Amino acid sequence: MDNNKAWTGKTGGTKRMQQSLIRIFSHVSPCWLYPLVVLWVIGYIIFSPKGTKAIYYYWRHIQKRSVLTSCIMLFRNHFEFGKVILDRFAAYSGRQFKVRIDGEELINRLQQQSGGFIVISSHIGNQELAGYMNPSKKPMCVLLWTGDTETVNTNRERMFNKMGLYFLPIQKDGSHIFAMHEALCRGEILSIHGDRMFYGGRTLTASLMGEKADFPEGPYKVAAIEGVPVITMFMMREKADSYTLYIRELATGREQGDTNKKAVDILNRFADEMGKILDKYPLQWFHFYQFWQRQEK
């Protein structure tokens, strides 16, 4: 796998800055700081050429906008990402957001069953906020990359524990796979990111919005082998203090066929749902690195 596609990013800002944001948001709404995001956006566009090039490609070749429009949307895309990050820090401070759930009956049905199920999530919208705003009726094991900043990791764990979630660090040797299986055997929910590679690994290819892209094989192979229901969630920002959580089914757990076929089928359904949500919320695509195969050329 191309190492350029392995995720190694961290949330920007110093430890002091991040802790200050949490204290500030305990008193004011994050929307008061949105104007400051403009300065961050300008700096990021200038000093992070790989991220800038990746988002420009998304608008120019995937969304098929003109050169001028792609440049404008590039700025707006970064601005939207900055607001999502501020909302995350506001959640750390205890601020609540209004969340409308589309597909609530599906998650309620699965939560009432005795067996476990899998949530395959993406880096579209504000996925982390979904865990902070919706208490789980079942224990949820969240597979996470823990290479982010100390402030983010500490507050993430605190918020997860508060909502009945716990995180499982991704290990280079792949030993986290055994803990994932055990969580499902206990009837828990297993949450995995399905659109980003960590530490390399094998990939599967799917069509996303008309172009081929590589996805990590692991989440889909695990889902196929375990034979449990699989869903995806998209936590999409509507406006200040307001989100919509979309929940969609990817597999019932009763599918027939060999492991490879089932894995590919789940991936294709996931990519299809990603495309649908991006049609509705194109600005909330937050992959600041080369994602599509043609983008590498």
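Computed from a predicted model, the values in this text were never measured in an experiment.

Colleague: Please provide a residue-by-residue account of the overall build of the chain, values included.
Modeller: Secondary structure summary: the chain contains 10 helices and 9 strands in total. Relative to its 297 residues, the chain shows a buried fraction of 54%. Counting only carbon and sulfur atoms, one obtains 54% of the accessible surface of the chain, whose full area is about 13,900 Å².

Colleague: How would you sum up the sheet that holds strand β2 (residues 117-121)? Please name residues and give values.
Modeller: Pairing is mixed in the open sheet, where 7 strands are placed in the order β1-β9-β8-β2-β5-β3-β4. If you trace the sheet from one side to the other, it starts and ends with β1 (98-102) and β4 (165-169), each paired once. The average undirected angle you get between the axes of adjacent strands in this sheet is 25 degrees. In the sheet, β1 pairs with strand β9 (residues 242-251) via 5 bridges, with the strands oriented parallel. Along β9, the bridge assignment pairs isoleucine 101 with leucine 245. Lying over the sheet, helix α5 (residues 104-112) contacts β1, β2, β5 (189-193), β8 (230-239) and β9, oriented at roughly 60 degrees with respect to β9.

Colleague: Quick rundown of the packing of aromatic side chains? Include the residues and the values.
Modeller: This model, assessed by the stated rule, comprises 18 aromatic pairs. A ring pair is formed by tyrosine 44 and phenylalanine 288, whose centres lie 5.8 Å apart and whose planes are at 70 degrees; its orientation type is edge-to-face. With tyrosine 44 in helix α2 (residues 37-47) and phenylalanine 288 in the segment after α10 (259-280), this residue pair connects regions lying 244 residues apart in the sequence. By relative accessible area, which is 24% here, tyrosine 44 ends up partly exposed. With 5.5 Å between their ring centres and 85 degrees between their planes, phenylalanine 215 and phenylalanine 291 make a pair best called edge-to-face. One end of the pair, phenylalanine 215, is in strand β7 (residues 211-216); the other, phenylalanine 291, is in the segment after α10, with 76 residues separating them in the sequence. Here phenylalanine 215 falls in the buried class, since its relative accessible area comes to 0%. By relative accessible area, phenylalanine 291 is classed as buried at 2%. Here a set of aromatic residues connected by ring pairs shows up, and it is made of Tyr58, Trp59, Phe215, Tyr220, Phe270, Trp285, Tyr289, Phe291 and Trp292.

Colleague: Could you give me a rundown of the environment of glycine 82, with the residues and numbers involved?
Modeller: Along the chain, the position of glycine 82 falls in helix α4 (residues 67-92). Separated by 48 residues in sequence, glycine 82 and tyrosine 34 place their C-alpha atoms 7.8 Å apart. Excluding residues within four positions of it along the chain, glycine 82 makes contact with Val37 and Trp40.

Colleague: Before we move on, could you go through the packing of helix α3 (residues 49-62) against α4 and cite the residues and values that matter?
Modeller: Packing of α3 against α4 leaves a shortest axis separation of 9 Å and a crossing angle of 125 degrees. Classified by the interaxial angle, the pair formed by α3 and α4 is oblique. Relative to α4, α3 is oriented so that their crossing is right-handed. On α4, the residues that touch Thr52, Ile55, Tyr56, Tyr58, Trp59 and Arg60 of α3 are Val67, Ser70, Cys71, Met73, Leu74, Asn77 and His78. Residue composition of the contact of α3 with α4, grouped by class: 8 nonpolar, 4 polar and 1 charged.

Colleague: Explain helix α8 (residues 176-185) residue by residue, including any values.
Modeller: Within α8, burial applies to His176, Met180, Ala183 and Leu184. The buried residues of α8 occupy one face: seen down the axis, they fall within an arc of 95 degrees. Facing away from the buried side of α8 by over 90 degrees, the exposed positions are Phe178 and Cys185. Count one or two residues on from α8 and you reach glycine 187, which has phi positive near 85 degrees.

Colleague: An account of α3 is requested, with residue identities and associated values reported.
Modeller: An α-helix turns once every 3.6 residues. As a result, residues three or four positions apart point the same way. Between its first and last C-alpha atoms α3 spans 19 Å; for 14 residues at 1.5 Å apiece the expected length is 20 Å, and the two agree. Within α3, burial applies to Gly51, Thr52, Ala54, Ile55, Tyr57, Tyr58, Trp59 and Ile62. In this fold, the buried residues of α3 make contact with α2, α4, β7 and α10. Trailing α3 by a residue or two, lysine 64 shows a phi angle of about 60 degrees, which is positive.

Colleague: Kindly report on a nonpolar patch on the surface, identifying the contributing residues and their values.
Modeller: The grouping of Ile42, Ile46 and Phe47 at the surface amounts to a nonpolar patch, some 360 Å² of accessible area in total. You can see phenylalanine 47 is positioned in helix α2. Taking the relative accessible area as the measure of exposure, phenylalanine 47 reaches 70% and is therefore exposed.

Cut-offs used in this document
Residues numbered from 1 in each chain as written. Predicted model: local features only at pLDDT ≥ 70, side-chain atom pairs only at ≥ 80, totals over all residues. Heavy atoms only, no water. Helix = DSSP H or I, 4+ residues; strand = E, 2+ residues; numbered from the N terminus. Buried < 20%, exposed > 50% of the residue type's maximum accessible area, 1.4 Å probe, protein only. Areas by Shrake-Rupley, 256 points an atom, 1.4 Å probe, with all protein chains shown as cover. Pairing = 2+ DSSP bridges. Axes fitted to C-alpha atoms, helices over the stretch in contact; angles between N-to-C directions. Contact = heavy atoms within 4.5 Å. Phe/Tyr/Trp six-rings, centres within 6.5 Å; stacked < 30°, edge-to-face > 60°. Parallel < 35°, antiparallel > 145°, perpendicular 65-115°, else oblique. Left-handed = near helix turned anticlockwise from the far one by under 90°. Nonpolar A, V, L, I, M, F, W, Y, C, P; charged D, E, K, R; others polar. Arc of directions from axis to C-beta. Expected span 1.5 Å × (residues − 1). Patch = residues over 30% accessible without salt bridge, like charges linked within 9 Å, V, L, I, M, F, W, Y side chains within 5 Å. Salt bridge = Lys/Arg side-chain N within 4 Å of Asp/Glu carboxyl O.

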